[in-house]
Each structure stands twice: as C-alpha cells, then as structure tokens.
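# Secondary and tertiary structure notes
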4 protein chains.
Amino acid sequence: MQPWHETSLRVRYQETDKMGIVYHTNYLVWFEVGRTDLLRHHGMAYSQIEQMGYLLPVTDLECHYVEPAKYEEEIIVKTKVEFFNGVRIVFAYEAVRKADGALLAHGKTYHAWVDVKMRPVNMKKKLPELYAKLGVE
Amino acid sequence: MQPWHETSLRVRYQETDKMGIVYHTNYLVWFEVGRTDLLRHHGMAYSQIEQMGYLLPVTDLECHYVEPAKYEEEIIVKTKVEFFNGVRIVFAYEAVRKADGALLAHGKTYHAWVDVKMRPVNMKKKLPELYAKLGVE
Amino acid sequence: MQPWHETSLRVRYQETDKMGIVYHTNYLVWFEVGRTDLLRHHGMAYSQIEQMGYLLPVTDLECHYVEPAKYEEEIIVKTKVEFFNGVRIVFAYEAVRKADGALLAHGKTYHAWVDVKMRPVNMKKKLPELYAKLGVE
Amino acid sequence: MQPWHETSLRVRYQETDKMGIVYHTNYLVWFEVGRTDLLRHHGMAYSQIEQMGYLLPVTDLECHYVEPAKYEEEIIVKTKVEFFNGVRIVFAYEAVRKADGALLAHGKTYHAWVDVKMRPVNMKKKLPELYAKLGVE
C-alpha cells in the first residue's frame, strides 16, 4: 500500500450550487486532480503518458459524502494507489478540510490502462518504471 | 419497484474531454437531470420541494462505465426509485445511446431528505403525496 | 441576416451556484448548444464537420446579463449567424425565459474555421453547401 | 490603476474538450479564481463579503483567445481592478502560460455590487476599507 499523496486546492465559486455547498460531482474532479498530481509526483506526468499513446479511463467509481465543502475553503485531496497489477489500477481518495482536518468525502476510482484504440495494455511491460513505483498487488 | 422513467438529452461539446469522449463525471450530472425529471413527472418539481424547505443531498454514489458516449449523440437517461422509506431514497440509473440502445453507464445515488439546517426529515409525514407516489420499501 | 433558430433546454442543478442562480459561464455553454443545434438543423452536424477535419474554435466572445436564470426553468436559446464569409463566422444569441419571454442574457461568439493543425481554411471552398446555407457577408 | 495580481493554477483534465485543448468557458472560471484571489489578497475574502450580505454578480464580460491552453500546463492568471467607483467594478485579466510567458487569453468582467435582494449598494459607504484598497475611478 502506498502512503497518501496530498494535493491542495481552494473551492471555486463555480463549484458551488444553489444549496450553498460544493456540487457533488466536483469531488470526483478533485480526485482526478489528486491522481494526476500523484503520477506527476512520481515523475510520470499523465500528459506525457497520453502522448506515448496510453490512456487511463475510469471504469467504475464510488464516492461517499460526509460533510459539505464550502466556497473558498482550502481542501486537501489525499490520494493513494490501492491496487495496480500493470493492467488495472485502483486509486483511493479522501477530501479533507484543511482548517480542521475534517473528512468531507472519500471514494475510489477504478481504471484500465488502454491504448488509443481502447485495447487493454499491460503497463508492467510498457512502462516498467511506472509499475516499479506504483505497483501494488 | 418503479418502472424506468426516461429523459432525453444530447451530448454537449462542453461535456467532452481530450480523450474525445464524455468526461466521466458528466454521467452523474445526467443522472441528476434524470432524477429531477422523474420528480417533476410525478408532479413534484424539485425546485418547489426546495422552496418548501426540503433538500435532497447525495450521501453516496456509484457509477459503472461500459461504453463511452460521444459528442452530439442522443442519450436516454433511465431513472427509477429503488428504495424510498420517507427518510432515505435510492435512485438507480442507466445511460443508453439512443441510436442503438447500447448501455453506456449505470449507477446509483443515495440521498437523505433534510431541512435547510441539514436535519433529517421524514417525507412520509411532510409530503405524504410524494411518498404515496414514490414509496418503495 | 438569418432568422433566429430556437433551442430549448431546462436549467440543471449543476448549473446553479451559491447565489441561487445560474453561474454566469453556463450561458456560454448554452450558446454553444444553440450554435451546434443551428448547424445540425441545416444538415451539417458539427460532429461530422470535425470528422472531415475542420474545427471552429472561439476566438472572441462577449456576454451581457440582464436577468438571472433559475434552477429548473425552461430556457429558449435563440441563435443566428450574424456574419459568415467562409473564413470567419459570428453568431449572435439570446437566452430567453420560456415562461414569460423575458430576456435573460445576450451575446456573441466569434470563430475562425481551421484545420486540425489550426491553419485557417475557407469553408466557401471546402464546404460550399454550408456556405450556401449560412453565408452572410 | 492597480498592478497585476497573479494567481497560479494547473489545467485539469476536466477542463479540456475533444479539440484537445481547454474548453473556452474555463478561462472565465479562471478569471473568477483570479478576482476572488485578488480580493482575498486585500484582506476581503469574497466569502466574507457575501456573509455580510453583498454580492458581486457579473453584468457583462468579454474574452479574447490567443493561443490554447493544454492539459496539465501551469497557468498564471493576472488580474487587476480597472475601474471601481463603489457601485460598479471592472476587472481585467490575462491568462499566461507559465513555461514561456505566452499570452493565452485576455478579457474583462463588469460587475455591480448588490444586496441579497439584488438592489444596488455603494461599497464606498458599506465597506470603505475595500474601496480604499481597490477604488479606481
């Protein structure tokens, strides 16, 4: 199991809704910000991986909402690789309010590595240095 | 179990991403469009329910992606109430490509009815006509 | 000058913000929905035009806000071609509340036709049937 | 004229579209991030201003696109107050690619200070310390 990787962001006005809190799908956008920040941190910018012809679409996701995030609050997105066997990868996330560490939401996203024709690829072979850093079976 | 309620929409350019397909969180926005359309269909516009002081935040969700939706395609969002005991409600969804009926994604959202102070309310008592139409225990 | 082409939509919860009204950039998303609906109406789906290798990026835009749109309201987006000389095209828009015809916002977007390498193309030559339908100089 | 205030952000995958570049309305979201960061920098968080009962809706905007921003690039949003007489305020913006300083887009947003009933208010009287810092006539 990898340790949590942390990414900071501040809630945008655009991310709120008429309930006065963050619209629920934005946590999933933040999770995406977290996982690409984690990859970049490991020296593998997702933009570069895509340029090599590999994509990482989401196949499944789940999210659980605990407390609402509000406009202008600072949020810590915590991300880790929960499983990665070269072909499939699962990320786990927590969104935490920076001011008091309160857990706001947590979730998981499940992905398959594919090529530009959406055929599965094994990153253990294609990008062994990525697997070496993130592999968790 | 309620039957599926169907809502039509067309994929917007804004909903696509650089993978050339619909960005994954937009299916959840479509599910929201589906569930509020279902409520409206039953004579209970969610905007009116909110004006009465009741809110329906998402507490949990899950989504499973089967095939990508693409720009300008017509999508049928199928929504039904899977569980509603007055206090909690669970909606199930399918997003289907209209042209050939292919299943693109399916998911569930879990909600609690609350008042404006985020305290739980029982809609069986507060809005018995809503419960009469949607109740599924 | 072309007549107004009308497209209907309903305000999504996701499009609102904590001010309780529609977040201002969503009118521009609606304008995009309007202009691609206008093209489709003229037998030229923008998805097909892109498949031929032509793109229509926005180079400039302006928007003027008159009255706020609110959640669940039905909106008519009125779109017309104000100028089209084959190379550049200008669309004008109005967003109108269906219930009472009130003008909510109006604006313009300016575009250049380009190929996939972002080089200008002349649609008078490349797609004369599009120019025949939309040309306004 | 105020000097430029600078805010950094990184392009999110969610902000791209199928053209492979940032969808055009996201620059306006970034401008919002820039102007609220400018207010916060001057000790007046917009979230606090709203809690006092004052709102700053956009009444008009314009944006001009020069070069496309791409996924994962770092962007500097430059913001300044161009006019502020207590009642109305105009912000000017530039979005610049951090790597080479290239101008990607520039624009302006026009706002009126209002109270929660959308009636105009004069911030020279209501929040003189804000006016003292930002006033430009």
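Further up the page is the structure itself.
What comes next concerns the included structure. (Residues numbered from 1 in each chain as written. Chains lettered and ligands numbered in written order. Predicted model: local features only at pLDDT ≥ 70, side-chain atom pairs only at ≥ 80, totals over all residues. Heavy atoms only, no water.)

## A short note on the overall build of chain A
- The helix and strand inventory of chain A stands at 4 helices and 7 strands.
- Its C-alpha radius of gyration of 16 Å places chain A within 12% of the 14 Å reference for a compact globule of 137 residues.
- When each of the 137 residues of chain A is scored for burial, the buried share is 61%.
- Sequence-distant contacts in chain A: of pairs separated by 6 or more residues, those separated by 24 or more amount to 69%.
- Element-wise, carbon and sulfur atoms account for 50% of the exposed surface of chain A, whose accessible area totals about 5500 Å².
- Across chain A, the centroid of the 18 positively charged side chains sits 6 Å from that of the 18 negatively charged ones. (Helix = DSSP H or I, 4+ residues; strand = E, 2+ residues; numbered from the N terminus. Rg over C-alpha atoms; globule rule 2.2 N^0.38 Å. Buried < 20%, exposed > 50% of the residue type's maximum accessible area, 1.4 Å probe, protein only. Contact = heavy atoms within 4.5 Å. Areas by Shrake-Rupley, 256 points an atom, 1.4 Å probe, with all protein chains shown as cover. Lys, Arg positive; Asp, Glu negative; His and termini not counted. Charge placed at Lys NZ, Arg CZ, Asp CG, Glu CD.)

## Concerning the sheet that holds strand β3 (residues 58-65) of chain A
- Overall, antiparallel pairing links the 10 strands, which are arranged β1(A)-β4(A)-β5(A)-β6(A)-β3(A)-β3(B)-β6(B)-β5(B)-β4(B)-β1(B) in an open sheet. Since the sheet does not close on itself, it has two edges, and those belong to β1 (5-10) of chain A together with β1 (5-10) of chain B, each with one partner. Taken over all neighbouring pairs, the strand axes of this sheet differ in orientation by 20° on average, direction set aside.
- With 9 bridges joining them, strand β5 (residues 88-97) of chain A and strand β6 (residues 103-112) of chain A adopt antiparallel strand pairing. Counted as the bridge partner of F91 of chain A is T109 of chain A from β6 of chain A.
- Contacting β3 of chain A together with β1, β3 (58-65), β4 (74-84), β5 (88-97) and β6 (103-112) of chain B, helix α1 (residues 26-41) of chain B crosses the sheet at an angle of about 130° to β1 of chain B. (Pairing = 2+ DSSP bridges. Axes fitted to C-alpha atoms, helices over the stretch in contact; angles between N-to-C directions.)

## Digging into the relation of the copies chain A and chain C
- Least-squares fitting of chain A to chain C yields an RMSD of 0.0 Å, with the transformation described by 0.0 Å of translation along the axis and a rotation of 180°. The transformation relating the two chain copies, once decomposed into turn and shift, fits a two-fold axis. Every residue of chain A has its C-alpha some distance from the rotation axis, and the shortest such distance is that of D17 of chain A, at 1.9 Å. (Least-squares fit on C-alpha atoms with pLDDT ≥ 70 in both.)

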